[in-house]
Amino acid sequence: MLSELEMERAVFTLRKRDVTEWLARLLGQGEVIAPTSGPCGEVIFSKIDSPEQVLWDFENPLSPPKQFVLPQTDPIVRIECKGKGTQVAPIHDNRRRFLFNVRPCDAKAIAFLTRMHETEPADASYLSRAAETTVISLDCNAPCTLGFCVCSDSGPFASGGSDIELTDLGEKYLVAASCAKGEAALSGMDGLFLPATDEEVAQRDDLESEAKRHFGDETCHFGSAMRRISTGRVDDALWEQMSDWCLACGGCNFICPTCYCFSVGDRGGDGTWTRCRTWDSCQYAAFTLEATGHNPRAQRRDRMKRRFFHKVSAQYFVRDGMAGCVGCGRCISVCLGATDMPAVVAAIRKRAWHEH
Amino acid sequence: MNTDVFVPQIARIDAVRDETPDTKTFTLRFREPREEEAFRFLPGQFVEVSVFGYGEAPFCIASSPTRPGAIETTVRRTGRLTDAMHQLGIGAEVGIRGPFGNGFDVESARGKDLLFVAGGIGLPPLRSLIWYALDRRERFQDMTILYGARTPQDLVYKDELKEWETTAGVELHVTVDTSSSDWTGKVGAVPVLFGETTLRPESTIAYVCGPPIMIKFVVQDLFGRGFQDESVISTLERMMQCGIGKCNHCTIGHRYVCRDGPVFNFKQIRELIE
Amino acid sequence: MLNIPTTCPCCACGCGFFLLARDGELVGVAPSRTHPVAAGKICSRGWSAHEGPLWGQRLVRPLLRRDGKLEAVSWDAALDHIAGRLQDLIQAGKPIGVLGSPRATNEENYLAVRLARAGLGTNHLDFCYHSLCRPLLAGIEDVTGDSSHSIGLADIESSNTIVLVEGDLAKTHARAASSVLKALASGARLIVIGCARTQMARVASCFLPTVPGREGDTINGLLAAAIRTGPTEGRGAMPSAGLEPLQCKLAEVNITEEMRVAAEWLTADRAVFLMGPGGGDAGRLRQDAAAMTSLAVITGHLEKPDSGLLPLLARSNVRGACDVGLAPDRLPGYSHIDDPEARRRVERIWRKAVPIGSGLDAEAMLESVSGLILLADDPEAVLPAGRRVRAAMERLDFLVVLDAFATAAVETAHTVLPIASYAETEGTFTNFENRVQKVRPATAPPGEARDGWRVLADLCTRFGTGSAWSSANDVFHEIAEAVPRYEPAERGLSAGGWGSSLIGAPAWTRFALQGAAAGPAEADGHAYVLALDGTFDWGSDPLVASSPTLRREYQSERKLFPGGFVEMNSEDADALGVREGWRVKLNSTHGEAVVPIRQRKDLLRGVLLAPYAFRDCLSGVLCEHGVTAVNVERA
């Protein structure tokens, strides 16, 4: 529901036939990254060359737009050790980017990632990229098959992180800018955007209620799982049993739009190195291995426990303002085993693991 | 504040001192005088040292902020990076990021007796605080240092140990697990040193650093003598990468050893959720 | 960000994913739901598959050894030198060998085969890993006449019963383990034969604990039980010789209750048999494989379309390497070297006669040839002889190394040719399901490195067996001619998309049933069995060793134990009075070794397991084939 304040800000409509024009103008201002038909019939977030490439009716890409604010290999410092002493310089990626037709879950996840990197000490390399990235989200009138965003308050309509919220009203889109960055993406586009009427805004609210009703009963109720995880009342035996259904691929971490664990390494040689941040996984055995050989999470069940503590505990919820899960459902698709978020949360709730 | 948190400052190795066959103390001086000026830290904090071409590793600052200028760090050879660092000579450049971590709470220790209990490579993190206390001697009461290593040659800061032994108001006792022909001191694990000194649990803050097994027995002994949880302090070790609480390698529950620690008292340690 | 569809270069599951590249540099990996094998998933090795090429120490210029040092030279100079030296050796009647690799593409391996047989006129042709997987393939061939058949991962998922002869499937082939878990979730039954309670053993419906070297006893037990249980419905129509002798041989075999139950489970509609190459005596392994295949036959499952055998080949392109004939006694198609039809086929394509008779295999080659061309592999890291191979390599008169990565092989090379890694070249891999799948470049090779197939094509030309190959597809076209079963894959490769085609295998004509060899007699006075864990060390493969993420996972442990270690059951360790990290002395009829132990609760009592990476540390005590009866005492 848009608040009165939000309504005052900047709520417009855009006729569907004018979308091309808007995208063309955005293309003139920076890179536009949107869901596109990728290779091999896969839908992927990709930089577009023309507005026609943007998909409007699509299954949420398996790879989230996280890779555009936090790439898997992210160069952050240039180091030169040649002759006259070592020279170091930060690497900032200041490309102007529009992340377009991002689903509300992914938009909220980007806001989460930004909050993580904003916390003191702030990470300038991440923030310089995020500052130049505008997130334009598209509400989900019909939920996706695997998503459970309602359970983590991250959808199906925009719930934070969207600089601009788009809603498909049928003949046109409702376009709501919630901040200066969003407004900037709408400015200078005379005639394209008309002020929204009360009816149009109400229509959006109706569509949101309708979309929420589509979610079934069996989604992913965090409540009791969060309580038990936070108070250490999940039996080790249950973690042990579940960990036998995990194949430690790391997929859940890499594909998760809110996971951001990383390692830092220097790449190169011969006096020139690039310090890179690289995606890492808390599910990997040596993630916590110390130089002495001691490993506080040598057992897989402890690593699994760690993952779900970070994602679902009250302690982190309080620290971060939200759970570390936006209910996008990708971990279900990517898990080589059977230990995706809904499965584990259900097992904790029922105090029993069922692999089906 | 510089928020390019992964960019190291450049420092030169000013001096190298052999402590043991596998441990050296490096004196590092920032290349830029204004960086040296601006570098402020608390005892107990650590830095991420870049050995260019090998990566970064966290090391505690073993010198005291009461002696500004160059900082010191004591490094044991455990792998590629530390091997490479041990090959570096005077004038070689390394990177420094930091200081990181919470450091020791020197304010709440004012007016107290200080007990330092260290085993082997556990002395470097405490050295920073020992020198701090010696340099601000009037702020603290009695100082007792109990230190043990496996063999006499594994003792670090051998010259300083001699200095501390003869410093007024400082009681020093040293032991080794296995003695050698010219060792005339005590033999046995660190807890045997408790018999050499009188402890006043009600007025003492105890700082304990060393191998986990040593810490376990020492703190058991201390609690047995009536030390309160909040008065027994240790430093926790974890694999670290970023040093700024973001990479998540060093987490214990929702606490980050690089930010909420590495210094913790035992009340906090008991509350940590593994 | 470019998303380039390609095939994983690591294990033989053959998952596909997108390699991501930006501004000409690899960035990462992204999964795809549409890939027929991966279906949106990737294992830990795959997720870091970009790191090897990106972070590894790459070969970027051709190198020539002068006065003991490798110096950069031009491509022409290097190739001229190679042609000249090899020509000299040929003229002097000195033997020359060629070693291909399961890390290389089919196109690279095929051209290596052509170069060897048609160019250099030698039958000394092989790949280092071959000796580790030959027994498995030979055993299957002994029973069925052809070892190229395989079921698919989807067949595992839809099966009712799975028999798994274990190493540690979750670590060697995570994607296959995923299929096993899926099957279990749908109610399938899993029977695991192994010496440790690994992840698969823990989720199994039935774990048959088996000391290394005695797998044959367990398999014979299952055979006997299956024969006793009687014919299943839909038992194959193929004539099967040897059932009666087999019954006689197995008459005295002890059938445990678990085996009986397992045999019941094998009467279900669909059953799959998963078996990898194990460590141990080659003859015994071959019989084990034959026995397992026979079990699939007599339970009626080998011939059913969605049941049967899946050989768990370790590395991405083992199947392809075999198919293009990278073996001293095989031709393209993995046909025997004396097979007249196979000879005719390649002689027609190559317009050259193939030398008669078997050549030397990899190990013999290293000892006996004067000149050697080594493609994309590291003999010291792969061969059972380990570091002992170094001496042989140093004695070679002329060693040419073609690789993307600087492995140990470079240290003894006389010439080094830098080639593209899988991330920078075009080609195909064949997975263990018999899928021929496309490999595509996501970025240009570094420095002056070239496509491996182009370099080998150049060498073919210099040795009079060149052809007008202008693309990897051209080379594949020829492969399809030489290996008829590859022909249907050709269209899929140029069509775009994943370029993944399931190819068939030659029709069976008859089966010859066999039992396994009984385990060794109780090794008198030896209380333990020492065995190597697996047949391949991922930790020393450049794809893993060059990746910061994977190297940490695979090598951190061994860094703490530079002299190696053996794993011992915790209770055995306690009984012996040794704690974690303490050293023990191992004594066998072969010799002795002193090594630290690591405790494992899930390992069978009486078994010591050493990572394949540490075979050198144990060479004193290990017998030739790896499974050794030992005594253990505190050191």
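Residues numbered from 1 in each chain as written. Chains lettered and ligands numbered in written order. Predicted model: local features only at pLDDT ≥ 70, side-chain atom pairs only at ≥ 80, totals over all residues.

1. Considering helix 8 (residues 236–243) of chain A
Residues and elements named next belong to chain A.
- Residues of helix 8 that are buried: Leu-238, Trp-239, Met-242 and Ser-243. The buried residues of helix 8 occupy an angular sector of 130 degrees when the element is viewed end-on, so they sit on one face. For helix 8, the exposed residues lying more than 90 degrees away from the buried face are Asp-236 and Ala-237.
- Looking at the buried positions of helix 8, the neighbouring elements they touch are helix 10 (300–312) and helix 13 (341–350). (Buried ≥ 20, exposed ≤ 12 C-beta atoms within 10 Å, placed from the backbone. Helix = DSSP H or I, 4+ residues; strand = E, 2+ residues; numbered from the N terminus. Arc of directions from axis to C-beta. Contact = placed C-beta atoms within 7 Å.)

2. Observations regarding the pairing of strand 7 (residues 113–119) of chain B
All names here are of chain B.
- The element strand 7 is extensively covered by neighbouring structure, given that 6 of its 7 residues are classed as buried.
- The pairing of strand 7 with strand 11 (residues 204–209) spans 6 bridges and is parallel. Across the sheet, the residue bridging to Asp-113 is Thr-204, located in strand 11.
- For strand 7 and strand 8 (residues 143–149), the ladder comprises 6 bridges, and the chain directions are parallel. Each residue of the ladder has a partner; that of Phe-116, found in strand 8, is Ile-145.
- Handedness of the crossover joining strand 7 and strand 8 through helix 3 (residues 123–135) is recorded here as right-handed. (Pairing = 2+ DSSP bridges. Right-handed = clockwise from strand over helix to strand, strands pointing away.)

3. Quick notes on the interface of chain C and chain A
- Across the boundary between the two partners, chain C contributes 39 residues, which contact 39 residues of chain A.
- Among the elements of the structure, strand 1 (2–7), strand 2 (16–22), strand 3 (25–30), helix 1 (44–47), helix 2 (51–55), helix 8 (174–185), helix 9 (199–203) and helix 23 (548–560) of chain C are those that each provide at least two residues to the side of chain C that touches chain A.
- Per element, the largest residue contribution to the side of chain C that touches chain A is 7 residues, and it comes from helix 8 of chain C.
- Tallied by class, residues from the side of chain C that touches chain A come to 22 nonpolar, 11 polar and 6 charged. (Nonpolar A, V, L, I, M, F, W, Y, C, P; charged D, E, K, R; others polar.)

4. Considerations on helix 5 (residues 130–144) of chain C
- The first and last C-alpha atoms of helix 5 of chain C sit 20 Å apart over 15 residues, in line with the 21 Å expected at 1.5 Å per residue.
- Phi turns positive, to about 85 degrees, at C:Gly145, one or two residues after helix 5 of chain C. (Expected span 1.5 Å × (residues − 1).)

5. Regarding the environment of C:Leu459
- Note that C:Leu459 resides in helix 19 (residues 452–462).
- Residues in contact with C:Leu459, not counting those within four places in the same chain, are C:Ile82 and C:Leu115.

6. A word on the pairing of strand 5 (residues 69–72) of chain C
All names here are of chain C.
- Note: strand 4 (residues 63–66) against strand 5, 4 bridges, orientation antiparallel. Bridge pairing in strand 5 places Arg-66 opposite Lys-69.
- From the end of strand 4 to the start of strand 5, which pair antiparallel, there are 2 residues, and Asp-67 there has a positive phi angle of about 55 degrees.

7. Side note on the packing of helix 10 (residues 215–229) of chain C against helix 13 (residues 282–298) of chain C
Residue and element names in this part refer to chain C.
- Two elements in contact, helix 10 and helix 13, have axes whose closest approach is 10 Å; the angle formed by their N-to-C orientations is 20 degrees. As judged from the angle between their axes, helix 10 and helix 13 are roughly parallel. The element helix 10 and its partner helix 13 pack so that their crossing is left-handed. Each of Glu-215, Gly-216, Ile-219, Asn-220, Leu-222, Leu-223, Ala-226 and Ile-227 in helix 10 lies in contact with helix 13, whose residues at this interface are Arg-284, Gln-287, Asp-288, Ala-291, Met-292, Ser-294, Leu-295 and Ile-298.
- For the contact of helix 10 with helix 13, the per-class residue count stands at 9 nonpolar, 4 polar and 3 charged. (Axes fitted to C-alpha atoms, helices over the stretch in contact; angles between N-to-C directions. Parallel < 35°, antiparallel > 145°, perpendicular 65-115°, else oblique. Left-handed = near helix turned anticlockwise from the far one by under 90°.)

8. Some remarks on the sheet that holds strand 13 (residues 308–311) of chain C
All names here are of chain C.
- Pairing is parallel in the open sheet, where 5 strands are placed in the order 10-9-8-12-13. Two strands lie at the open edges of the sheet, namely strand 10 (206–209) and strand 13, each paired on one side alone. Across the sheet, the mean angle from the axis of one strand to that of its neighbour is 15 degrees, orientation sign disregarded.
- Taken together, the 5 bridges between strand 8 (residues 161–165) and strand 9 (residues 189–194) define a ladder with parallel strand orientation. Bridging from a neighbouring strand, Val-163 pairs with Ile-191 of strand 9.
- Helix-sheet contacts for helix 12 (residues 257–265) involve strand 8, strand 9 and strand 10, and the interaxial angle to strand 10 is about 135 degrees.

9. Looking at the packing of helix 5 of chain C against helix 13 of chain C
All names here are of chain C.
- Closest axis-to-axis distance for the helix 5/helix 13 pair is 7 Å, and the angle between their directions is 45 degrees. In terms of axis orientation, helix 5 runs oblique to helix 13. Two packed elements cross with a definite hand, and for helix 5 against helix 13 that hand is right-handed. Contact residues: helix 5 offers Pro-135, Leu-136, Ala-138, Gly-139, Ile-140, Asp-142, Val-143 and Thr-144, while helix 13 offers Ala-282, Leu-285, Arg-286, Gln-287, Asp-288, Ala-289, Ala-290, Thr-293, Ser-294 and Val-297.
- Looking at side-chain class alone, the contact of helix 5 with helix 13 contains 10 nonpolar, 5 polar and 3 charged residues.

10. Digging into the nonpolar core
- Among the nonpolar cores identified, the biggest contains 412 residues, and C:Ile162, C:Val180 and C:Leu530 are the most heavily contacted of them.
- Considering every element that reaches this core, the biggest residue donor is helix 13 of chain C, with 9 residues. (Core = buried A, V, L, I, M, F, W, Y, C linked by C-beta atoms within 7 Å.)

11. Observations concerning unusual backbone geometry
- With an omega of -10 degrees, the peptide bond between A:Glu120 and A:Pro121 qualifies as cis.
- Here A:Pro121 is to be found in the loop between helix 3 (104–118) and helix 4 (124–131).
- Cis geometry marks the peptide bond from B:Gly261 to B:Pro262; its omega dihedral reads 5 degrees.
- For B:Pro262, the location among the structural elements is in the loop between strand 14 (255–256) and strand 15 (263–265).
- Positive phi, close to 60 degrees, is recorded for A:Asn101, a residue that is not glycine.
- Checked against the element boundaries, A:Asn101 lands in strand 6 (residues 97–102).
- A:Asn101 sits in the buried class, given 23 other C-beta atoms within 10 Å.

12. As for the environment of B:Tyr147
- Structurally, B:Tyr147 is set in strand 8.
- For B:Tyr147 and B:Asn248, which are 101 residues apart along the polypeptide, the C-alpha to C-alpha distance reads 33 Å.

13. Looking at the domain arrangement of chain C
All names here are of chain C.
- Domain boundaries assigned for chain C yield domain 1 (2–54), domain 2 (57–129 + 318–502), domain 3 (132–311) and domain 4 (528–634).
- Distance from the C-alpha centre of domain 1 to the C-alpha centre of domain 2: 24 Å.
- Counting residues at the interface gives 21 residues for domain 1 and 22 residues for domain 2.
- Those elements giving two or more residues to the side of domain 1 that touches domain 2 turn out to be strand 1, strand 2, strand 3 and helix 2.
- In terms of residue count, the dominant contributor to the side of domain 1 that touches domain 2 is strand 1 (5 residues).
- Split by residue class, the side of domain 1 that touches domain 2 holds 12 nonpolar, 8 polar and 1 charged. (Domains from an automatic or database assignment.)

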